[in-house]
Amino acid sequence: MAGGRAVIWPGTLLPLVTLTAWIAGACLSAGAMLWMWRNGERARPDRIGLMVASGVSALWCALGAALGAEHGAVVIAAAVRNLALIATMFCLFAADGRTASLKPVRPVIVALVLVQLLQPVVVLVGNPVAGTSPGAHAVFEARLLIDMLVAIGALMLLHNLYAGAASALRPVLRWTGMALTGIFAFDLNLHTLAYLGGEMPQLLGDLRGLFAGAMAVLFALGMSAAGPRVQFSPSRTVTFRTLSLLLIGGYLAGLAVVTKSLALIGGDVARTSQVVFVLVAILVAALALPSTRLRAWLRVTATKHLFQHRYDYREEWLRFTRTIGRGGTGGASLEERVVKALADITESPAGLLLMPNEQAQLELTARWNWPTIAVPAVAGEFALSGLLEQHNLVLALDEARGGIDHQGEAGLVPEWLMEAEDAWALVPLIHFDRLVGVIVLARPRNPRQLDWEDFDLLRVAGQQLASYLAEQAGQQALMDASRFDEFNRRMAFVMHDIKNLVSQLSLLAANAEKHADNPAFRADMLVTLRNSADKLSALLARLGRYGSGQVAALAPIDLVELARNIAARFAAAHPVALTRETPVRVMGNREALEQALIHLVQNAIDASEAGSPVFLDVSSEGLNGTIEVVDAGKGMSPEFVRTGLFKPFVSSKQGGFGIGAFEARELVKAMGGRIAVESRDGLGTRFAVSLPLAEAVRLLGAGKDDISTGQEVA
């Protein structure tokens, strides 16, 4: 009795706590095994091994509760559990594709298994000699040495496993590796203390079962898809207040230790020193604790070291810069490196780069590691481009599929992106408030939801990438302008020579009229020479008009008649057929339109096999008339259509100058029309030339005249 109360510690309470800890460990281990059996990911390489280890751990804890921690059956059960854990580590090595390089590791695993198998031998052989004190101590030390060797070897294996693991396997190893490390580190410390102290530490030994059960729970937690994303995230307020309490407690503990130490000196000096120290400590606390600078320093230090961001910004920036700067001959293009640089940030395995065309529609420019996704010719309408440009909005496609709408984007995301389950996010590339492009990121191997840190980092990285793309476009424009200057200088010499030739032919025609003796010969020569002069004059007119962006006066054109004439012109060289002859009259310049169509038909013939016809299709849609040039030739890649088809001096034909398609587009644009193109490698190409209907132009012109007249009358 002590003060009228019975003393039950440690005589009664400690055995009860020990029994409870072993039973709790058994229940946790058994529950973890059942959970992994029913809900664990069946594709996990460590599932079977961890289930066996958890089941044996439950048996070991139950035997420990019933027989005691030092019983031979309990020791053998612990050894079997360790063997199951070692087998699990071997399965993880094999799952990472490193079975071919396991030669240095296999001897360690075999040695661990053999050492662990010595434990039952020591237990069985040591029982007869355990009755004597020296024999029991020798058996005890042998068991401890075996457990220490197994723990050290297992920790070494775990280090090699995680350090050399591929990035895709590290999320699998995170929780499993944490639990395995905890088990073997606990065993190593426990058995080391026991070996040095000559006896098993009572408290740590009694908690072995409970700790093993907790680690089994970590096995089960890591076995689920949501496991690796679970992390401890205390609020900052709670953290700062807890840190403050710890500092105050440490201050008071230090104060007590120093004052007690001074008391050991004894005498008046000790009492005086205690008083002086207490006064100084109180003064320091009074000055330091209210300090704003000190509190700010503590807050920043705690934020840096206690709150880990998702990204290591230094490493991300270095990797980002290396990816963008890794150019050179034969390497990936800047567009592909741009996609890879952004995809690496979120660990996305693939991505696409879409860039706006002249109508602000998004078109495929480059793809990285994503050959399977089908992207239409128009990947996104101008409304989506305008929304992304206006709000600099990073779109989480899972939210769009779920009906979540932030800025009205739900109805603008194209259907092909909504149907592509691998498509994860849209990141706009904004340069000086102008949309340079959009990157589509594939879903990461470890799926997760985008959060505020993702949005901020992707937005900033997108702006940086937009500047690189804009700089490249500016450099390309300067190069094109330089080549145009060279081209124009050459054309000036050509025009000069042609002018001289026209003058000579005209003079020859004039002299022939005066001096030819044979009237028939004279007449024939005059016709020939005048035709030649007329043709050269027409060529001069076209050359002088080239690149000016202007055409002569516009007039109604019968598209069916024009298509028939073009088909007849090429009939002798290659079959050209009309598939549809809808009567259509458009407004344009016949000579310029014919020249543009001749370019397109000639390109289609060059891309087609001999005898494979080229088709002309005349139709009307809305206020426009359209003539299509369709072939089943070699086709073009989406990247070439986007970046090279309508650029001068870039040609897909051997020895081509790259002017035809560019000139055709410029001529059609000058008439108020446009050219659309769809092409697939190996399947063929379709060019569609659209011009406004003549009747629509007439009605619009009449409406403008009426409005102008009405204003004047008013």
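Rules and cut-offs
- Residues numbered from 1 in each chain as written.
- Predicted model: local features only at pLDDT ≥ 70, side-chain atom pairs only at ≥ 80, totals over all residues.
- Heavy atoms only, no water.
- Helix = DSSP H or I, 4+ residues; strand = E, 2+ residues; numbered from the N terminus.
- Contact = heavy atoms within 4.5 Å.
- Phe/Tyr/Trp six-rings, centres within 6.5 Å; stacked < 30°, edge-to-face > 60°.
- Buried < 20%, exposed > 50% of the residue type's maximum accessible area, 1.4 Å probe, protein only.
- Pairing = 2+ DSSP bridges.

Turning our eyes to something else, we now look at the side chain of Arg81. Relative to the assigned elements, Arg81 resides in helix 3 (residues 72-95). Those residues in contact with Arg81, other than ones at most four positions away along the chain, are Ala53, Val56, Ser57, Trp60, Ile183, Asp187 and Ala212.

Let us look at the packing of aromatic side chains. Across all of its chains, the model carries three aromatic pairs by this definition. Where Trp22 meets Trp60, the ring centres are 5.3 Å apart and the plane angle is 90°; that geometry is what we call edge-to-face. Of this pair, Trp22 sits in helix 1 (residues 13-39) while Trp60 sits in helix 2 (residues 47-67), placing them 38 residues apart in sequence. Of the two residues examined, Trp22 and Trp60, each falls in the buried class.

A separate point is the pairing of strand 2 (residues 362-368). In terms of burial, strand 2 is largely enclosed, as six of its seven residues are buried. Inspection of the sheet shows strand 1 (residues 351-356) paired to strand 2 by six bridges, in the antiparallel sense. Considered in strand 2, the bridge of Leu353 is made with Ala366. Between the antiparallel neighbours strand 1 and strand 2 lie five residues, among them Ala360 with a positive phi of about 65°.

With that settled, consider the sheet that holds strand 3 (residues 395-396). If you trace the five strands from one edge of the open sheet to the other, you get 2-1-5-4-3, paired in antiparallel fashion. Two strands lie at the open edges of the sheet, namely strand 2 and strand 3, each paired on one side alone. Relative to strand 5 (residues 434-442), strand 1 runs antiparallel, the two sharing four bridges. Pairing of Leu353 across the sheet is with Ile439, part of strand 5.

Right, let's get into the environment of Ser620. Within the secondary structure, Ser620 sits in strand 9 (residues 614-621). Judged by relative accessible area, Ser620 falls into the partly exposed class, the value being 39%. A C-alpha to C-alpha distance of 7.1 Å links Ser620 and Thr582, two positions 38 residues apart in sequence. Once residues lying within four places of it in the same chain are set aside, the contact partners of Ser620 are Val584, Gly625 and Leu693.

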